[in-house]
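One-letter residues, chain by chain:
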Amino acid sequence: MRPDWDDYFMRIAFLVAQRSTCLRRQVGSLLVSDRRILATGYNGAPQGLPHCGELGGCLREQLGIPAGERQELCRALHAEQNAIIQAAVHGVGLREVTCYSTTQPCVTCAKMLVNANVSRIVFAGEYPDELAREMLGEAGVVLEQWDPQRLPGSPEGEFELRPQTRPSEAEP
């Protein structure tokens, strides 16, 4: 069965998330306008800088920082931030954009998405950030949670948000 546009772009967002170098949460994001992908992003350290896996682990894990708190204590940029940056670096204008993300944006990303002319956000997994939801609502950005369970023939767990296993961490 042919997927509708939201299913199509969300499946791509999950593929983009596989490029993430974050040890804690793998997130992928797309910026789309008129059914065309303008930019993609995934979470990870800035280009040219070592990733947490290369530095002995996640600082947030080491400090016991829960999700949704103290985001400044992280080496990584978020997927939505990287998608906006990629659009800017490549001179891609953003107007009436839909953002597809594997996770609900945090408040920092929400503010950036509002200023990047995103009018709609489709996401899969929840993120504990009520202020992000409030600000997106105030800005008139439509926030929709995608449900992969409605896809006919989807293998169980195909679109789950789960920790990534690194080759060095895999079972022998």
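Residues numbered from 1 in each chain as written. Predicted model: local features only at pLDDT ≥ 70, side-chain atom pairs only at ≥ 80, totals over all residues. Heavy atoms only, no water.

Asker: How should I be thinking about the confidence of the model for the protein in this particular structure?
Answerer: Parts of the model with low pLDDT should not have their predicted coordinates read in detail. Summary statistics for the protein give a mean pLDDT of 88 and a share of 87% for residues scoring 70 or more. Predicted confidence is poor over residues 163-172, with pLDDT under 50, and the contacts of this stretch with residues over four places away or in other chains come to 11 contacts. (pLDDT = per-residue confidence, 0-100. Contact = heavy atoms within 4.5 Å.)

Asker: Explain the nonpolar core to me, please; I cannot follow it from the model alone.
Answerer: Inside soluble globular proteins, nonpolar side chains tend to come together where they are buried. Core analysis: the largest hydrophobic core is formed by 17 residues, its most contacted members being Leu31, Leu94, Cys99, Leu113, Val118 and Ile121. If you list the elements that add at least two residues to this core, you get helix H3 (79-89), strand E3 (97-103), helix H4 (107-115), strand E4 (118-125) and helix H5 (130-138). Ignoring anything within four residues of it in the chain, the contact list for Leu113 reads Leu31, Glu80, Ile84, Cys99, Pro105, Val118 and Ile121. (Core = buried A, V, L, I, M, F, W, Y, C linked by side-chain atoms within 4.5 Å. Buried < 20%, exposed > 50% of the residue type's maximum accessible area, 1.4 Å probe, protein only. Helix = DSSP H or I, 4+ residues; strand = E, 2+ residues; numbered from the N terminus.)

Asker: Teacher, can you tell me more about the packing of H4 against H5 here?
Answerer: Two quantities define a packed helix pair, namely the angle between the helix axes and the distance between the axes. One can describe the packing of H4 onto H5 by two numbers: an axis separation of 8 Å at closest approach and a directional angle of 15°. Relative to H5, H4 is oriented roughly parallel. The element H4 and its partner H5 pack so that their crossing is right-handed. In this structure, H4 uses Val107, Ala110, Lys111 and Val114 to contact H5, whose residues at the interface are Leu131, Ala132, Met135 and Leu136. Here the contact of H4 with H5 is composed, by residue class, of seven nonpolar, no polar and one charged. (Axes fitted to C-alpha atoms, helices over the stretch in contact; angles between N-to-C directions. Parallel < 35°, antiparallel > 145°, perpendicular 65-115°, else oblique. Left-handed = near helix turned anticlockwise from the far one by under 90°. Nonpolar A, V, L, I, M, F, W, Y, C, P; charged D, E, K, R; others polar.)

Asker: In this structure, what is going on with the pattern of salt bridges? I would like to understand it.
Answerer: Where side chains of opposite charge bring their charged atoms close, a pairing between them can arise. Using the criterion set out here, one finds five salt bridges in the structure. The salt bridge partner of Glu144 is Arg120, with a shortest N-O separation of 2.9 Å. Linking Glu144 in strand E5 (residues 142-145) with Arg120 in strand E4, this pair joins segments that are 24 residues apart in sequence. Connected through shared salt-bridge partners, Asp6, Arg120 and Glu144 make up one network. (Salt bridge = Lys/Arg side-chain N within 4 Å of Asp/Glu carboxyl O.)

Asker: Mind showing me how you'd approach the side chain of Ser29 here?
Answerer: For Ser29, the position within the fold is in strand E1 (residues 28-33). Since its relative accessible area comes to 0%, Ser29 is described here as buried. Polar contacts involving the side chain of Ser29 include one to the main-chain carbonyl oxygen of Tyr100, which spans 3.5 Å. Residue contacts for Ser29: discarding those within four places in its chain leaves Val16, Ala39, Thr40, Gly41, Ala79, Glu80, Ala83, Cys99, Tyr100 and Ser101. (Polar contact = N/O pair within 3.5 Å; in protein donor to acceptor, adjacent residues only side chain to side chain.)

Asker: Would you mind showing me how to read the sheet that holds E4 here?
Answerer: Hydrogen bonding along the main chain pairs the strands of a sheet, whether they run parallel or antiparallel. Overall, mixed pairing links the five strands, which are arranged E2-E1-E3-E4-E5 in an open sheet. Edge strands, defined here as strands with exactly one partner in the open sheet, are strand E2 (36-42) and E5. When strand polarity is set aside, the average angle formed by the axes of neighbouring strands in this sheet is 20°. When E4 meets E5, the two strands line up parallel, connected through four bridges. Bridge assignment links Phe123 to a residue of E5, and that residue is Gln145. (Pairing = 2+ DSSP bridges.)

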